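Tertiary structure, described
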Amino acid sequence: MLLAVLIANSEGNILLERFNGVPGEERLHWRSFLVKLGADNLRGVKSEELLVACHKSVYIVYTVLGHVSIYLVGKDEYDELALSEAIFVITSAIKDVCGKPPTERLFLDKYGRICLCLDEIVWKGLLENTDKDRIKRLIRLKPPTEF
């Protein structure tokens with residue numbers, strides 16, 4: 001299961017979060033842990049270079065995209081390989097929505113469309129859609145051209 005998707009700015013402030021199957025009392029722990037992990041390891045990392053960590057039998061894949069940091073937390077079948085695929089789809093969708101790797105301001109300007117993309121990619125903790133064209137079509141709310 002994909003437990004969490006967090007996106008933070010370069011100062012560590014969380015811009016967007018999605019938790020699945022994580023009790024409310026554990027969410028604060030995960031927020032602070034991921035932000036600290038990023039602060040310790042993301043300085044000087046190239047954009048879209050993936051970093052991997054393991055904590056309490058869960059996997060974490062994280063990266064920098066423009067001026068935002070993206071964190072994915074998974075367990076069971078969502079190991080570092082599956083999370084790498086998921087983070088690739090998410091970064092591609094964000095770049096498509098923003099037109100380039102986002103600054104914090106651009107991310108916030110496009111927040112609604114980014115949330116729509118994320119909702120199409122991850123559904124109830126499962127990786128739902130990975131096809132770029134399908135995601136674009138779904139967030140435009142246009143019906144498919146063929147069945």
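Up top is the structure these notes are about.
Our subject in this report is the structure included herewith. (Residues numbered from 1 in each chain as written. Predicted model: local features only at pLDDT ≥ 70, side-chain atom pairs only at ≥ 80, totals over all residues. Heavy atoms only, no water.)

Some words on the pairing of strand E4 (residues 58-65)
The condition that has to hold: Only protein chains enter the area calculation, which uses a 1.4 Å probe; residues under 20% of their type maximum are buried, those over 50% are exposed, and those in between are partly exposed. Think of it this way: any DSSP run of H or I at least four residues long counts as a helix, any run of E at least two long counts as a strand, and we number them from the N terminus. In this description, strands pair whenever DSSP reports at least two bridges between them.
For E4, the tally of buried residues reaches seven of eight residues, placing the bulk of the element in the interior. By the bridge criterion, five bridges tie strand E3 (residues 51-55) to E4 in an arrangement that is antiparallel. Bridging from a neighbouring strand, Ala 53 pairs with Ile 60 of E4. With antiparallel pairing between neighbouring strands as the criterion, E3 and E4 make up a hairpin whose turn holds two residues, including Lys 56 at a positive phi of roughly 50°. In terms of strand pairing, E4 meets strand E5 (residues 68-74) through seven bridges, oriented antiparallel.

What about the nonpolar core?
Operational definition: In this text, buried Ala, Val, Leu, Ile, Met, Phe, Trp, Tyr and Cys residues form a nonpolar core when linked through side-chain atoms within 4.5 Å. By definition, residues are in contact when any of their heavy atoms lie within 4.5 Å.
In this structure, Ile 70, Leu 72, Ile 90, Ile 94 and Phe 107 are the most contacted members of the largest nonpolar core, which totals 31 residues. Those elements giving two or more residues to this core turn out to be strand E1 (2-9), strand E2 (14-19), E4, E5, helix H2 (80-98), helix H3 (104-109), helix H4 (111-121) and helix H5 (132-140). No other element matches the ten residues that H2 contributes to this core. Excluding its chain neighbours within four sequence positions, the residues that come into contact with Phe 107 are Ile 7, Leu 15, Leu 16, Val 68, Ile 94, Pro 102 and Ile 114.

A few points about the sheet that holds E1
Strand-to-strand pairing in sheets goes through backbone hydrogen bonds, with the strands running parallel or antiparallel. Threshold: Helix axes use the C-alpha atoms of the stretch in contact, all axes being lines fitted to C-alpha atoms, and the angles between their N-to-C directions lie in the range 0 to 180 degrees.
The five strands are arranged E2-E1-E5-E4-E3 in an open sheet whose pairing can be described as antiparallel. This sheet does not close on itself; its edge strands, each paired only once, are E2 and E3. On average, each strand axis in the sheet is tilted by 15° relative to the strand beside it, whichever way the strands run. Taken strand by strand, helix H1 (residues 24-41) contacts E1, E2, E3, E4 and E5, and its axis lies near 55° from that of E4.

Some details on H1
Formally: How far a helix is expected to stretch is found by multiplying one less than its residue total by 1.5 Å. What the arc measures is the spread of directions leading from the helix axis to the C-beta atoms.
With 18 residues, H1 should cover 26 Å at 1.5 Å per step; its first-to-last C-alpha distance of 26 Å lies within 8% of that length. The set of residues buried in H1 consists of Trp 30, Leu 34, Leu 37 and Gly 38. For H1, the angular spread of buried residues about the axis comes to 95°, placing them on one side. Residues of H1 that are exposed and angled more than 90 degrees away from the buried face: Glu 25, Leu 28, Lys 36 and Asp 40. If you follow the buried residues of H1, they end up packed against E1, E2, E3, E4 and E5.

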